[in-house]
Amino acid sequence: MNTKTSFITLGIETSCDETGAAIYHQKNGLLSNALYSQVQHKAFGGVVPELGSRAQLERINPIVNQALQKAGISLADISVVAVTNRPGLPGSLLVGVCFAKAIAWATDKKIIGINHIEGHAFSPYLEFDVPFPNLCLTSSGGHTSLFLLKGFGDYDILGQTTDDAAGEAFDKVAKMLNLPYPGGPEIEKAASHADFKDYFHYPRHKQKTLDFSYSGLKTAVLYDLINQRAYDIKTKKFIGSDTLRDKVASSFLVCISDVFLEKLERAIKMHPEIKALTFVGGVSRNKYIRAQIEKVAKKYTLPLYIPSPQYCTDNAAMIAFVGNYKAMQGEFSDWYLDIKR
Ligand code: KG4
Ligand code: ZN
């Protein structure tokens, strides 16, 4: 392979409860995208870090082999190993970073540490040619951010999570309602039974900045459940009716969505130069929120790009993609590459 003409990047993602490997070819694009999603956390209503890192250790080798096989190449054809090294669960991140360093060292490849959130922010480019500058709303289990993307790897953070991320709030409220992990899709389903209406008017935080805060909303839902005698504090279980559960889920979802819309509109007004909107991360799988953001995009006649579902939630394709442009920009890491929380 001639690395002077095109890079072939192996991307590795192990920041939380997904083990992913993908191959990105500088000229031909994404060649493969392999993923293993851990299911053992369901029983605990959330990710158990110790179980997560053990599963990463078991899966990493087979998943990387699967990505190479699907792409029809061998490790020798790879020029760069790009690996998520921040932010995430330390034990899980360590598995990916140690594995990436080991294979890169043994086969004499370059290595690049990738910021997971940058991966999400640029994930639309796996499928779309999104014009710069654009406004990107990233919403996942661990982060909610608004970015102004000015070029590949060139972005400003306009606002971010100050406490709980939106996805985390979905997961925690789902747990309060005895719904399984991950909570986002379950809340969406329950809310659809209540027609996505706002029954309980949970508080929308009124910060002047573009930062996001969702821990107050989570607490408001809990107090409301207790007030409505629908939550047993001793057993920490929902004891209300199915109808109430659906109404709470619906009110919660509308509240999350309203906050997104308010921040988005404010950011659009502050940055009239933007040419497009994007919505990325696990929460962007939510069809109700997608539809609301679509309305904002129409109002400001901006094109809206949302990745296909497999690129919304955690995946290695987005890590390989960022690795590819960093390699093209000559931004490599050294052998001291470490994890950051
Ligand atoms: O991006 P992601 O896979 O992982 C992180 O980087 O955290 O996002 C996972 C989050 C979980 O909190 C999950 O509940 C949420 O995305 N999620 C959803 C939906 N599907 C996944 N949230 C709302 N509605 C959905 N349909
Ligand atoms: Zn993520």
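Residues numbered from 1 in each chain as written. Chains lettered and ligands numbered in written order. Predicted model: local features only at pLDDT ≥ 70, side-chain atom pairs only at ≥ 80, totals over all residues. Heavy atoms only, no water.

Could you clarify how one ought to interpret the packing of helix α7 (residues 242–270) against helix α8 (residues 287–299) in this entry?
Pairs of packed helices are described in terms of their axes, by the angle between the two and the distance that separates them. Closest axis-to-axis distance for the α7/α8 pair is 10 Å, and the angle between their directions is 25°. If you check the angle between α7 and α8, you find them roughly parallel. Classified by chirality, the crossing of α8 by α7 is right-handed. Counted together, L253, V254, I256, S257, F260, L261, L264, E265 and I268 of α7 and Y288, I289, Q292, I293, V296 and K299 of α8 form the full contact between these two elements. (Axes fitted to C-alpha atoms, helices over the stretch in contact; angles between N-to-C directions. Helix = DSSP H or I, 4+ residues; strand = E, 2+ residues; numbered from the N terminus. Parallel < 35°, antiparallel > 145°, perpendicular 65-115°, else oblique. Left-handed = near helix turned anticlockwise from the far one by under 90°. Contact = heavy atoms within 4.5 Å.)

Could you clarify how one ought to interpret the side chain of D164 in this entry?
When you line up the elements, D164 lands in the loop between β8 (154–160) and α4 (166–176). Residue classification places D164 among the buried positions, given a relative accessible area of 8%. Of the polar contacts made by the side chain of D164, one reaches the side chain of K172; its length is 3.4 Å. Among the polar contacts listed, one links the side chain of D164 to the side chain of K218, at a separation of 2.8 Å. Those residues within four positions of D164 in sequence are excluded, and the remaining contacts are K172, Y214, S215 and K218. (Buried < 20%, exposed > 50% of the residue type's maximum accessible area, 1.4 Å probe, protein only. Polar contact = N/O pair within 3.5 Å; in protein donor to acceptor, adjacent residues only side chain to side chain.)

In this structure, what is going on with the layout of surface pockets? I would like to understand it.
In this model, the largest pocket occupies a volume close to 1,300 Å³. For the largest pocket, the lining is made up of 42 residues, of which D17, G141, D171, Y181 and P182 are closest to its centre. For the lining of the largest pocket, the secondary structure elements donating two or more residues are β3 (29–37), α3 (116–121), α4, α5 (183–193) and α8. Looking at the lining of the largest pocket, the element that brings in the most residues is α4, giving 6 residues. Split by residue class, the lining of the largest pocket holds 12 nonpolar, 18 polar and 12 charged. (1 Å grid on protein atoms, 1.4 Å probe; cavity = no way out; pocket = protein on both sides within 12 Å on 5 of 7 lines; lining within 4 Å. Points joined across faces, edges and corners; volume = space filled by probe spheres on them. Nonpolar A, V, L, I, M, F, W, Y, C, P; charged D, E, K, R; others polar.)

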